[in-house]
Each structure stands twice: as C-alpha cells, then as structure tokens.
Amino acid sequence: MKSYNSFEVAQKQVLEAAQHLRLDKPTIELLTHPQKEFTFTMPIRMDDKKVRIFHGYRIQYNYARGPAKGGIRFHMDETIDTIRALASWMTWKTAVVDLPLGGAKGGVVCDPKNMSEIELENIARGYIRSISELIGITKDIPAPDVYTNPQTMAWMMDEYETITRQHMPGVLTDKPQQIGGTEGRRDATARGGVYCVREACKYYNLKPSTFAIQGFGNAGQRAALLHNEILGEGKLVAVCDSKGGIYNPNGINPKELVVYKLQTGKVVGFPGCEPITSEEVLKLKVDVLYPAALENAINEENAESINASIICELANGPTTPEADLILFEKGIKVIPDILASAGGVIVSYFEMVQDSYSYFWEESEVHHKLDFKISKAYKTVYEAIKEKKLHPRLAAMVVGVARVAEASKLRGWV
Ligand code: GLU
C-alpha cells in the first residue's frame, strides 16, 4: 500500500478550505502550521530495572478560539507529522461543533500492548512531568486517544496535581467518574457518530439496516452496541481489528462480540463467522460503514470499490483527499471525522465545565446536550454541502476553518 504523510494530507485539506473561503496569505500560513510544538525525551525505568528513553510530543495547533484540546496516543508509529495532522484535525473538530476550544494532540512512541501496567503508569507520569508547565485548564487540556484510557488519565491527573500541589481535575478529561470524570464520556465518540448517522438517514432518506465496523477499540465497540439502540434497527455483518476480521451475513451479536473481544483481545474466532480481511470489510455492500481504526484506511487504491451508502468516520483521518473525490462522485454520504467523531471532545468539554464547579450532571442530561450540539453541527455542515455544492469534508472544513480564521482576525493575529 502507498504510504501517506498525514500532515501533508491535513495541510491539503486546510488549504482547499482556505482557498474556497478566499483567506489571505498570512491567515493561510497561520492555519496550515501548528502554533506550538514540543518534543521531548523521557527516561523511564522498566520492569527489568533498566532505563529506556521514550520520545514524546505535544502539539498545540491553534488556540484562537480557546485553550488547546486533544488526546494523547501511545503508539509505535507516531511521528511529529502524525501528531501535527491529528492536532490540526482537533482544531477543526472543536470549531465545527462550536466549542470554545482550540486543537492539540500528543503522543508517545511506544508499544503499549507489550508493556506492563507499571511501565504504562511510569510513561503516563513521565509524560506529564515533561509537559506540566504547558498544560492547564486555561492552556491545554489532554484526553485519551489510541491505546490510552481513563486509567491513563487518572495517573496523569495525579502527577499534575502532585507537581502543582492543588486539585485541578479539569486539566485532563475522560477521567474515571470517581475522580472528576463525567457520565457519558466513555461512549461519547460512538454516540455522537450514531446521532450523525440518524441525521444523515433523515436528510437523505436512507436506512441504517446493515452495518460494518473497521477497528474494534473503544469507538468501534461502542458503535456496535449503540447503532441499534439509537437507530432502532441495524444488523452488524462484519467487524475487523488489527488481528483480522469476521463476517456473518445473518448478523453478529454486538454484545457477545464485545465480551469475546475483551476476553481474547481479538474478534477473529468469534463463533458462527467466516474470516474476512480489513480491506474486504471496507468494500462490503452495507448501509453504514464505520471506519474506527487509524489514518488513511480509505485511499485512492480502494475508494472505487467501497459500496456503503453512508460512511461514518469514527477514526481520525481515515480518508485521503483523493478518496474523498471518488466517494463524492459515487454518491456515498461521508460524515467526515471532524464531525462524526466529535462526540468525544464535546463530552470532554462538558466534563471540564462540570469539574470547574464540582457539580455533576445526570447521564440523560449529557446525552441530551451531546445530541443537541452534534445535530446542530450536522445541520450546519449539511447546509454548506447543499448551498455551496461541496463534498462533505470540504463543507465541514469550510465551517471549521472560517470560525478559526475569524477568531484569529478578531485577536489581531492576521
Ligand atoms: N481523542 C479524542 C479525539 O480525537 C478526544 C479528544 C478530547 O476529548 O480532547 O477526538
């Protein structure tokens, strides 16, 4: 498969939106580059008592609309450019759903699947020691991303509070509920995506009767469980993760599959299914396809063979710009990542708000407010698609980029 530089992809997307908006040169220069980048090394004591050096990143892409916000990834393939791309996408994501936040992302190059709990804790704490003066509720608020979770956030928050000698739970989001987390954060990314599918079915008069999921981490698993609950129908026919895929045209029971995945660490071998590759999952004829894995999964090499009616992008950056044009030509309704996967950061924002006055909402209130915010953003993007005749990603980017450009102008930056 061709290799992609995700940051070049992200820059291309911003440039396209900026040109459509006829932004001036300094604004384009500002919005196609990160405002602040931090790279660092962390000496970490491992279980064998030896010290290993890990490389970490935190990038605050743009903070014109508010403090920078975005997750931290633990993954072997991270580079400065993947983090730049992810931080750029967070900027347009928070803007398109109209949160008073900027965009950021962080990462550590490591292999979390082959590390012990203690080693992961040491990395989480080491990461915060490296960036403690850069983060804070008025500066930059991290959250989980690929291979990090509420436990990681708990260690990180504890390290931050130990360094600063104060209680400041809002410095990180998606924490366990016992220490300042909110109701409804764990399934928020998938829930937001499924709400978008509901809106897409309404606006385009489509049905969500069959669906497939590529990637079975937190977002993929939650989408499997929520699709039926929210939409009232839907047969899950195929799922894959990094170890392989499964297919059953008669339907896979999402609850049993999630239990199987949690017990075995994979979906392959789930009873009653045929094996299928990740590429085949993407090409199935289904009503809804949820790409929920990593970047560039849908590209010019496979876009022509995609047969879904709706693509709900729960992953960040799953589709390349070339593939976007092919999917648009084919009439496939793409719900772009910066909208479809925004549920997580929306509820992260709700968590920050609740932490700030130590008063917590009921789960139904979180769901209701998430639904309101993401459905409103869906409508704004849908109207931009119709009125300006743009492909969905460009329409969403135009909405997000325009808001960030406006804030930058008001501040006198450009
Ligand atoms: N990592 C998630 C994302 O990519 C959540 C970020 C957050 O809540 O800050 O949207």
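Below: a short report on this structure. (Residues numbered from 1 in each chain as written. Predicted model: local features only at pLDDT ≥ 70, side-chain atom pairs only at ≥ 80, totals over all residues. Heavy atoms only, no water.)

## A few points about the pairing of strand β2 (residues 51–62)
Residues in a regular strand project their side chains so that they alternate between the two faces of the sheet.
Point 1. In this sheet, β2 lies alongside strand β1 (residues 36–45) in antiparallel orientation, the contact comprising 10 bridges. Note that in β2 the partner of K36 across the bridge is Q60.
Point 2. The loop that links β1 with its antiparallel partner β2 comprises five residues; one of these, K49, has a positive phi angle of about 75°.
Point 3. Sheet analysis places β2 next to strand β4 (residues 103–108), joined by six bridges and oriented antiparallel. Bridging from a neighbouring strand, R58 pairs with G106 of β4. (Pairing = 2+ DSSP bridges. Helix = DSSP H or I, 4+ residues; strand = E, 2+ residues; numbered from the N terminus.)

## Thoughts on the sheet that holds strand β5 (residues 140–144)
Point 1. Spatial ordering of the open sheet is given by β1-β2-β4-β3-β5, a layout of five strands whose pairing is mixed. Of all strands in the sheet, those with a lone pairing partner are β1 and β5, marking the two edges. When strand polarity is set aside, the average angle formed by the axes of neighbouring strands in this sheet is 20°. (Axes fitted to C-alpha atoms, helices over the stretch in contact; angles between N-to-C directions.)

## Here's the deal with the sheet that holds strand β10 (residues 288–291)
Point 1. Strands sit in the order β9-β8-β7-β6-β10-β11-β12 across an open sheet of seven strands; the sheet is mixed. Unpaired on one side and paired on the other, β9 (274–276) and β12 (333–335) mark the two borders of the sheet. On average, each strand axis in the sheet is tilted by 20° relative to the strand beside it, whichever way the strands run.
Point 2. With four bridges joining them, strand β6 (residues 210–214) and β10 adopt parallel strand pairing. In the sheet register, A212 faces β10, and the bridge partner there is L289.

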